[in-house]
Every structure is written in structure tokens, then in C-alpha cells.
Amino acid sequence: MKMRTLIPALLITIAATGCATWDGMSSREKSAVIGAGVGGVAGAVVTDGGILGTVGGAAIGGVIGDQVGKQR
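Residues numbered from 1 in each chain as written. Predicted model: local features only at pLDDT ≥ 70, side-chain atom pairs only at ≥ 80, totals over all residues. Heavy atoms only, no water.

Q: Explain the overall build of the protein chain here, please?
A: Counting its secondary structure elements, the protein chain contains three helices and zero strands. Ordered by position in the sequence, the α and β elements of the protein chain form the string α-α-α. Buried residues in the protein chain amount to 24% of all 72 residues. Across the protein chain, every contact between residues at least 6 apart in sequence was considered, and the portion connecting residues at least 24 apart equals 60%. Total accessible area computed for the protein chain in this model is approximately 4800 Å², and 69% of it derives from carbon and sulfur atoms. (Helix = DSSP H or I, 4+ residues; strand = E, 2+ residues; numbered from the N terminus. Buried < 20%, exposed > 50% of the residue type's maximum accessible area, 1.4 Å probe, protein only. Contact = heavy atoms within 4.5 Å. Areas by Shrake-Rupley, 256 points an atom, 1.4 Å probe, with all protein chains shown as cover.)

Next comes the structure, spelled out in C-alpha cells:
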């Protein structure tokens, strides 16, 4: 994967998590946000920076994170 794609994806993920207000969020919501961030980065890596892969990875990661957070 190109570093030109990975670095912006990581910066966007960090910025999005930094803007979130964690105090008022449930464990399930936190897990969904983290899952979406990790999924988006993974999708970008797998598809070599493709938009569809990044968005798809974020969506799938968000759903998985939501389900993991539900069981806590």
C-alpha cells in the first residue's frame, strides 16, 4: 500500500475519534466508532486506497464493533 494513502486515512481516523465525546457514549457506541475506524483503515489497505473499500470497511467494522460492544 502506498504511504500517501495510509497516512491520510490514519489522520482522519485519529481526528474523528478525537472529536467524539466519549463521556456520554455507551460501551456499544464506543465499540462501533472504533470498529468503523479500524475497518476503514483496513479497507483502505486491502483495496490500495479505493474509496469503496474504505467506506465498505468502515461500515462492516462499525457493525462488528456494535455487536462486540453489545456483549460487554
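Now that the structure has been shown, the text picks up again.
Q: Honestly, helix H2 (residues 27-46) in this entry has me stumped. Any pointers?
A: Because each turn of an α-helix spans 3.6 residues, side chains separated by three or four positions end up pointing in the same direction. Spanning 20 residues, H2 covers 28 Å between terminal C-alpha atoms, matching the ideal 28 Å at 1.5 Å per step. Listing the buried residues of H2 in full gives Ser31, Ala32, Gly35, Gly37, Gly39, Gly40, Val41, Gly43 and Ala44. Positive backbone phi, at 60°, marks Asp48, one or two positions downstream of H2. (Expected span 1.5 Å × (residues − 1).)

Q: It is not clear to me how the environment of Ser27 should be interpreted in this structure. Could you clarify?
A: Mapped onto the elements of the fold, Ser27 is located in helix H2. Under the relative-accessibility criterion, Ser27 is labelled partly exposed at 32%. Spatially, the C-alpha atoms of Ser27 and Val68 are 9.3 Å apart, while their sequence positions differ by 41 residues.

Q: Mind showing me how you'd approach the pattern of salt bridges here?
A: Pairs can form between side chains of opposite charge once their charged atoms are near each other. Under the counting rule described, the total for this entry stands at one salt bridge. Across the pair Asp66 and Arg28 runs a salt bridge whose closest N-O atoms are separated by 2.7 Å. Taken together, the positions of Asp66 in helix H3 (residues 51-70) and Arg28 in helix H2 put the pair 38 residues apart, joining distant regions of the chain. By relative accessible area, Asp66 is classed as partly exposed at 21%. (Salt bridge = Lys/Arg side-chain N within 4 Å of Asp/Glu carboxyl O.)

Everything listed is a geometric property; what it means functionally is a separate question.
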